[in-house]
Amino acid sequence: SAVISQKPSRDICQRGTSLTIQCQVDSQVTMMFWYRQQPGQSLTLIATANQGSEATYESGFVIDKFPISRPNLTFSTLTVSNMSPEDSSIYLCSVTLPLEQYFGPGTRLTVT
Amino acid sequence: GDSVTQMEGPVTLSEEAFLTINCTYTATGYPSLFWYVQYPGEGLQLLLKATKADDKGSNKGFEATYRKETTSFHLEKGSVQVSDSAVYFCALSDLSDYKLSFGAGTTVTVRA
């Protein structure tokens, strides 16, 4: 199994600012994912972040808006840039171990 | 692309009632199938999984069988409890990239 922590757990930010979310895993993992859960909605994959390569973004998500770092096998960051109220969501990181994915507790972001 | 269609709620039941949440999927390959649960105020947790046709996943009294012929993975529990009140997500993953595609989620409320 994997234990994942995220910082911050929640934040309230003003529009136009940026927030960096950290994801720490208690074991080394190759594949890490970032998801977004908008209020009352399901989860949508933002990007895949593998160590040693550039993040791969899903349709509708771009690097300028959601830059991702993956400096090692246990850590990643997601930045939400130039925020607007539409970015208010829960952001979750996830890691894959064989045949199973584990999710962090999420970062609840509110943009005012 | 791969997708999941999930019975939308909300679903309200009395304690000890039978619960079924329908889930069907579309995939080009042979995905793994999952049910995740999100309890109020908590993170996303894996409830059960099945990796090949006719597999039955089970946990906490919940069951789901991977039906390739009907492309379904319906979740069932014979006698629900108040503590089962949560949002349930059906999901699939292509083992080639481990990305998860989620259904819309079903909110289940169990009344005493």
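In case you missed it, the structure is sitting above this.
In this report, the structure presented in the accompanying data block is examined. (Residues numbered from 1 in each chain as written. Chains lettered and ligands numbered in written order. Predicted model: local features only at pLDDT ≥ 70, side-chain atom pairs only at ≥ 80, totals over all residues. Heavy atoms only, no water.)

1. Thoughts on the sheet that holds strand β7 (residues 56-59) of chain B
All names here are of chain B. Strand order in the open sheet formed by four strands is β3-β9-β8-β7, with antiparallel pairing between adjacent strands. With partners counted over all chains shown, the strands left at the sheet margins are β3 (19-21) and β7, one partner each. Neighbour-to-neighbour, the strand axes of this sheet turn through a mean angle of 15 degrees, independent of strand direction. In terms of strand pairing, strand β8 (residues 62-65) meets strand β9 (residues 75-77) through three bridges, oriented antiparallel. What sits directly across from E63, in β9, is E76. (Pairing = 2+ DSSP bridges. Helix = DSSP H or I, 4+ residues; strand = E, 2+ residues; numbered from the N terminus. Axes fitted to C-alpha atoms, helices over the stretch in contact; angles between N-to-C directions.)

2. Topic: the state of the cysteines
Residue and element names in this part refer to chain B. Tallying each qualifying case throughout the model produces two disulfides over all chains. Here C23 connects covalently by a disulfide to C90, the sulfurs 1.9 Å from one another. Its torsion about the S-S bond being -70 degrees, the disulfide of C23 and C90 is classed as left-handed. Pair noted here: C23 is in strand β4 (residues 23-26) and C90 is in strand β10 (residues 86-93), with a separation of 67 residues, a long-range link. There is no split in this pair, since C23 and C90 are both buried. (Disulfide = S-S within 2.5 Å. Buried < 20%, exposed > 50% of the residue type's maximum accessible area, 1.4 Å probe, protein only.)

3. Digging into the interface of chain A and chain B
The interface is formed by 16 residues belonging to chain A together with 17 residues belonging to chain B. Linking chain A to chain B there are one salt bridge. For E58 of chain A, the salt bridge is made with K99 of chain B, and the minimal N-O distance between the two is 2.8 Å. At the junction of chain A and chain B, the tally comes to six residue pairs in polar contact (both at pLDDT 80 or more). Those elements that provide at least two residues to the side of chain A that touches chain B are β4 (31-37), β5 (43-50) and β10 (100-103) of chain A. By residue number, the principal contributor to the side of chain A that touches chain B is β4 of chain A, which donates four residues. Considered class by class, the residues forming the side of chain A that touches chain B number eight nonpolar, six polar and two charged. (Contact = heavy atoms within 4.5 Å. Salt bridge = Lys/Arg side-chain N within 4 Å of Asp/Glu carboxyl O. Polar contact = N/O pair within 3.5 Å; in protein donor to acceptor, adjacent residues only side chain to side chain. Nonpolar A, V, L, I, M, F, W, Y, C, P; charged D, E, K, R; others polar.)

4. Quick notes on the side chain of T107 of chain A
Residue and element names in this part refer to chain A. Here T107 lies in strand β11 (residues 107-111). Look at T107 and you get buried, because its relative accessible area is 0%. Side-chain polar atoms of T107 contact the side chain of Q6, separated by 3.2 Å. A polar atom in the side chain of T107 sits 2.6 Å from the backbone oxygen of P8. If we skip the residues at most four places from it in the chain, T107 touches Q6, K7, P8, S9, I21, S89, I90 and Y91.

5. Side note on unusual backbone geometry
Cis rather than trans, the peptide bond between K7 of chain A and P8 of chain A has omega equal to -10 degrees. Considering the arrangement of structural elements, one finds P8 of chain A in the loop between β1 (4-7) and β2 (10-13). The omega torsion across G9 of chain B and P10 of chain B is 0 degrees, close enough to zero to call that bond cis. Of note, P10 of chain B is situated in the loop between β1 (3-6) and β2 (11-14). Look at N82 of chain A: it is not a glycine, yet its phi comes out positive at around 45 degrees. Residue position: N82 of chain A is located in the loop between β8 (75-80) and β9 (89-97). Note on N82 of chain A: relative accessible area 54%, which makes it exposed. One non-glycine residue, E16 of chain B, lies in the positive phi region at around 75 degrees. Note on placement: E16 of chain B falls in the loop between β2 and β3.

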